[in-house]
Structure formats: C-alpha cells, structure tokens
Amino acid sequence: MTQDTFHKLVHFVMDSPAHPPETLFVGGMDNWHARARLAHFLAMKGIDKKDEALELFRSVVDQDVDDEVAEDVEEKVFALQRLSSLEKELNQDEEALKHIDMAIELAESTDFLYKYILRGELWGDRWNLMHKMDMTQDAEAEVDERIEAYKDIPIAHNSYLYYGYRFKAQLAAERHVTLVAKDYMHMALHSMEIPEEYKDGLEIAFSATHDNASWILNEVDRATPNPDNLHWDI
C-alpha cells in the first residue's frame, strides 16, 4: 500500500460515522501502530474494506514490539486477534489459527494485566475456530487443561475459566444437553464480575423450562454484562 492510498483511507474513515481523530494515524504507513489502527476501522461493519484491512493487519505480523511497554504488546495482540477473526469470517481458517496462536503467545509472554485484551478470550477465539475446523476434540482437551490449571487459583474474576466453561456450555447446547449447558454456563458466570443490575435478567434467562439449549444460552448472553466493561484479575 502506498502512502497516498493510506492517506486517502485515513480520510475515508475520518469521514465515516466512526469519525476517529487524525492523531491515531500519525506516522502514516511507516508507523505500524497507525497501520493497525486504520485496519481496525476499515474492518468495521458498515465500512467493510476487508481487503485493505487484511493488507494492513498482515503488515503488522512481523513487527517487533517493546515487551517492556504493556500498550505496545497489547496493540499488536489486538491486531493479531482482529486479523484472525477477519480471516475466520473469510474462511481462511488455517491463517486465522496461525494468527490467533501468535496473539496468544505474545499476550502470555508478559505478566501485564492488559486494559482491553483478555487472555481467556484469545483462547476462546482459538477454541471456537478449532471447532469450526472440525478439531472439536482437541479444543475440548485444551479447555479441560486450562480449567484444571486455573480452577484453584484464589482469584475471583478469571477469564480463562469464563471462556473455558462458556465454550463447554456452547458444545453441550449443540449436543442438546440442556441441563449440562446451563450448569457449565453457571460455572462460567461464577468466574465473572456480575453487577447487581444484571442478576434478575440472568435469573429469568436461566429459569426457562424448555429444552432449546441454544436459545437459553443466547438469552443468558443477552443478559450478561459485556466482558470488555468488567474487572478481571487474569
């Protein structure tokens, strides 16, 4: 991508409803942070410039980061995560798996508590992708390993357990085992901070007596607070 094309795309997203500030893109094509940020906007629903987003995200894959600076590590992890999800949408599953694995490796190479990235969510992305790729048995084994490794850690809000049990709940729902799906989802929520105002909605969602497990889990998800807005210990 040329500097001129990059500049035109910056102004394209600045004129879009997302309306990001131009300061996000300082340095232009020569700054990998600027390329990653522009790619995030280009991949947004409603903008849908996926080819350009892929090109920019892929230009970030081999960039070095300062592993002493949490923000630097986190920005590259986020770019790799979004690249993987975009490739998954386009059925480029092998590439998607490679890039989510890179995101996990980088995220877990430090002890930082990131502002936006959740290590458990990265693993959840991996497991869901493996399930799509007919690697469900391997994904389940990894989930059980993660749960075993983290279940006895004395912290209240554990993203590994939330996303692990949530994945197991989704599989149980697909297998039409409603009570098991509910049990796993209860266990997932025990690892999450649940503000008081969400508890009544969750109770209603879980109280459904029919056997449409997938519908129940969708209702639970709708009643669950956004994980991005919660406190996590890991």
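Overview of the structure. Everything quoted here is computed from the prediction, not taken from an experiment. (Residues numbered from 1 in each chain as written. Predicted model: local features only at pLDDT ≥ 70, side-chain atom pairs only at ≥ 80, totals over all residues. Heavy atoms only, no water.)

The next subject is unusual backbone geometry. Even without glycine at this site, N91 takes up a positive phi of about 60°. Along the chain, the position of N91 falls in the loop between α4 (70–89) and α5 (93–107). Judged by its relative accessible area of 56%, N91 is exposed. Located in the positive-phi region is H176, a residue other than glycine, with phi close to 65°. Along the polypeptide, H176 turns up in the loop between α8 (159–174) and α9 (178–190). (Helix = DSSP H or I, 4+ residues; strand = E, 2+ residues; numbered from the N terminus. Buried < 20%, exposed > 50% of the residue type's maximum accessible area, 1.4 Å probe, protein only.)

With respect to the element layout, A103 can be found in helix α5. Given the relative accessible area of 0%, A103 is considered buried. Sequence separation between A103 and D72 is 31 residues, and the spatial gap between their C-alpha atoms is 13 Å. Each residue touching A103, except ones within four places of it in the same chain, is listed here: V77, L80, Q81 and L122. (Contact = heavy atoms within 4.5 Å.)

Summed over the entire model, instances satisfying the criterion amount to 16 salt bridges. The salt bridge partner of D93 is K132, with a shortest N-O separation of 2.7 Å. Pair noted here: D93 is in helix α5 and K132 is in helix α6 (residues 119–132), with a separation of 39 residues, a long-range link. Look at K132 and you get partly exposed, because its relative accessible area is 33%. Salt-bridge contacts for R126 lead to D101; the nearest nitrogen and oxygen are separated by 2.7 Å. Of this pair, R126 sits in helix α6 while D101 sits in helix α5, and the two are 25 residues apart along the sequence. Taking the relative accessible area as the measure of exposure, R126 reaches 12% and is therefore buried. D101 sits in the partly exposed class, given a relative accessible area of 30%. (Salt bridge = Lys/Arg side-chain N within 4 Å of Asp/Glu carboxyl O.)

The subject of this paragraph is the packing of aromatic side chains. For the structure shown, the criterion picks out eight aromatic pairs. Look at Y150 and Y160: their rings are 4.0 Å apart centre to centre, the planes differ by 15°, and that puts the pair in the stacked class. Of this pair, Y150 sits in helix α7 (residues 136–150) while Y160 sits in helix α8; the two residues are 10 residues apart in sequence, bridging distant segments of the chain. The exposure class of Y150 is buried, given its relative accessible area of 15%. Given the relative accessible area of 2%, Y160 is considered buried. Every member of this aromatic cluster is reached through a ring pair, and the members are W123, W127 and F167. K49 extends its terminal NZ or CZ atom over the ring of F12, reaching a point 4.9 Å from the ring centre. (Phe/Tyr/Trp six-rings, centres within 6.5 Å; stacked < 30°, edge-to-face > 60°. Lys NZ or Arg CZ within 6 Å of the ring centre and 35° of its normal.)

Residue placement: E142 occurs in helix α7. Discounting residues that sit within four places of it in the chain, E142 has contacts with W123, R126, W127 and M130.

Attention now moves to α9. Between the first and last C-alpha of α9 there are 19 Å, a value that for 13 residues agrees with the 18 Å anticipated at 1.5 Å per step. Residues of α9 that are buried: T178, A181, K182, M185, A188 and L189. Here the buried residues of α9 occupy an arc of 120° about the axis, which is enough to place them on one side. Opposite the packed face of α9, turned more than 90 degrees from it, sit the exposed residues L179 and H190. Among the structural elements, α8, α10 (196–206) and α11 (213–223) are those in contact with the buried residues of α9. (Expected span 1.5 Å × (residues − 1). Arc of directions from axis to C-beta.)

Compared with the 28 Å implied by 1.5 Å per residue over 20 residues, the 29 Å span of α4 between its first and last C-alpha is a close match. N91 occupies a position one or two residues after α4 and carries a positive phi of about 60°.

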